[in-house]
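Survey of secondary and tertiary structure
Here is how the chains run, residue by residue.
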Amino acid sequence: MNLRAKALSVHFLTATGAVFAMLAMLAAVEQKWDLMFLWLVVAFFVDGIDGPLARRYEVKKNAPVFDGVLLDLIIDYLTYVFVPAYALFKSGLLPGWTGWVAIIVITFASALYFADTRMKTKDYSFSGFPGCWNMLVLVIFALEPNFWISLVLVSSLAVAMFLPLKFVHPVRTKRWRMVTLPMALGWTLFAGWAAWVDFHPQSWAHSGLVVTSVYLLFVGIAQQIMYGKDG
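Predicted model only: the values in this text are computed from it and were never measured.

1. A closer look at the overall build of the protein chain
- Counting secondary structure elements, the protein chain contains nine helices and two strands.
- The order of α-helices and β-strands along the protein chain, N terminus first, is α-α-α-α-α-β-α-α-β-α-α.
- In terms of overall dimensions, the protein chain is globule-like: its C-alpha atoms have a radius of gyration of 17 Å, near the 17 Å expected for 231 residues.
- Considering only C-alpha atoms, the protein chain reaches an extent of 50 × 40 × 35 Å along its principal axes.
- Relative to its full complement of 231 residues, the protein chain shows a buried share of 45%.
- For the protein chain, long-range pairs separated by at least 24 residues make up 78% of all intrachain contacts whose partners lie at least 6 apart in sequence.

So, in structure tokens, the structure goes:
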């Protein structure tokens, strides 16, 4: 297989995320939350590996007919924002007006953030919370906190999207990657496990989700405090 074919295959791999998003949405419409999250975890895994493959095979040079960045953003909006927001609303975990507030805030703020040209920092981290609502919503489904806690989390992270706070990219941010990448892989494992057992409250996956989520949420801010804004 020549480089052009390999580069095209990376675009095709990325595009499978749209299929997984549709499968997740179909499961969500039927309120099969465990199946929905399993498809979202698959999409999350694909999103984690297509970037390194795209850089390895130089897709911008060898398959420029498709814009990989735009393709990735479209699929990320579906799998990170749209489907999880729908699930949070329809699940009843945020009842009444709180559900409406959540889906409006999540979808509106994320649309602006995904179009923000200042999204990336010099070290390839994200400037502001990167709209990973799939991760937050999965944790909410697993832990089922009081709806006020969930609403505060949603509102706080929506505001954090536009604050000068750093959130690491598990693959591209080099600093502490030896820890961050295993944490991201661990989160994926625990997320799949939690969904597989239909979020059983006694599952050890929940503890793993909390530990890895807290690390991924705050490690960039910790680096920012220790090494400065551009560190």
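Alright, that's what it looks like, and here's the rest.
2. Here's the deal with the packing of helix H6 (residues 133–143) against helix H9 (residues 205–227)
- Interhelical geometry of H6 versus H9 gives an angle of 150° and a closest axis separation of 10 Å. The hand of the H6/H9 crossing is left-handed. Contacts between H6 and H9 pair Met135, Leu138, Val139, Ala142 and Leu143 from the former with His206, Leu209, Val210, Ser213 and Leu216 from the latter.
- Broken down by class, the residue content of the contact of H6 with H9 amounts to eight nonpolar, two polar and no charged.

3. Considering the pattern of salt bridges
- Summed over all chains, the structure comprises three salt bridges.
- Across the salt bridge formed by Lys32 and Glu30, the nearest N and O atoms sit 3.0 Å from each other.

4. A closer look at unusual backbone geometry
- Despite not being glycine, Gln31 has its phi angle at roughly 55°, a positive value.
- The backbone of Asp198 shows a phi angle near 55°, a positive value even though the residue is not glycine.
- Within the fold, Asp198 resides in the loop between helix H8 (177–196) and H9.

5. Details of H9
- For H9, spanning 23 residues, the distance from its first C-alpha to its last is 33 Å, which sits close to the expected 33 Å at 1.5 Å a residue.
- Residue Phe218 marks the point of greatest curvature in H9, where the axis turns by about 40°.
- Ala205, His206, Gly208, Leu209, Thr212, Tyr215, Leu216, Val219, Gly220, Ile221, Gln223 and Gln224 are the residues of H9 that are buried.
- Once H9 finishes, Gly228 follows within two positions and takes phi at roughly 95°, a positive value.

6. Some remarks on the packing of aromatic side chains
- Inspection of every chain in the model, using the stated rule, returns 17 aromatic pairs.
- For the ring pair Phe44 and Tyr80, a centre distance of 6.2 Å and an interplane angle of 35° mean the geometry is tilted. Taken together, the residues span a long stretch of sequence, with Phe44 in helix H2 (residues 33–56) and Tyr80 in helix H4 (residues 68–91) at a distance of 36 residues. By the burial criterion, Phe44 is buried, and Tyr80 matches it.
- Cluster of aromatic residues (ring-pair linked, three or more members): Trp33, Phe37, Phe141 and Phe199.

Conventions and cut-offs
Numbering of residues begins from 1 in every chain and follows the order in which that chain's sequence is written. Only residues with pLDDT of at least 70 get local features here, since the model is predicted, and only at 80 or more are side-chain atom pairs given and counted; chain-wide, interface and lining totals rely on the full set of residues. By convention in this description, side-chain values take in all heavy atoms of the structure and omit both hydrogens and water. Runs of E in the DSSP output that reach at least two residues are strands. Runs of H or I that reach at least four are helices, and both are numbered from the N terminus. Radius of gyration: over C-alpha atoms. The globule rule applied is 2.2 Å multiplied by the number of residues raised to the 0.38 power. Exposure classes here rest on a 1.4 Å probe applied to the protein chains alone. A residue is buried below 20% of its type maximum, exposed above 50%, and partly exposed in between. Residue contacts are counted whenever heavy atoms from the two residues lie within 4.5 Å of one another. Note on geometry: axes are lines fitted to C-alpha atoms, helical ones only across the stretch in contact, with angles between N-to-C directions running from 0 to 180 degrees. Take the far helix as the reference: if the near one is turned anticlockwise from it by less than a right angle, the crossing is left-handed, and if turned clockwise, right-handed. Side-chain classes follow a simple rule in which Ala, Val, Leu, Ile, Met, Phe, Trp, Tyr, Cys and Pro form the nonpolar group, Asp, Glu, Lys and Arg form the charged group, and the remainder, Gly included, forms the polar group. Every case where a carboxyl oxygen of Asp or Glu lies within 4 Å of a side-chain nitrogen of Lys or Arg is listed as a salt bridge. Helix span, as expected, comes to 1.5 Å for every residue beyond the first. In this scheme, the bend at a residue equals the angle between the axes fitted to the seven residues that finish there and the seven that begin there. Only Phe, Tyr and Trp rings take part, Trp by its six-membered ring, and two of them pair if their centres are within 6.5 Å. Stacked means planes under 30 degrees apart, edge-to-face means over 60, and tilted covers everything else.

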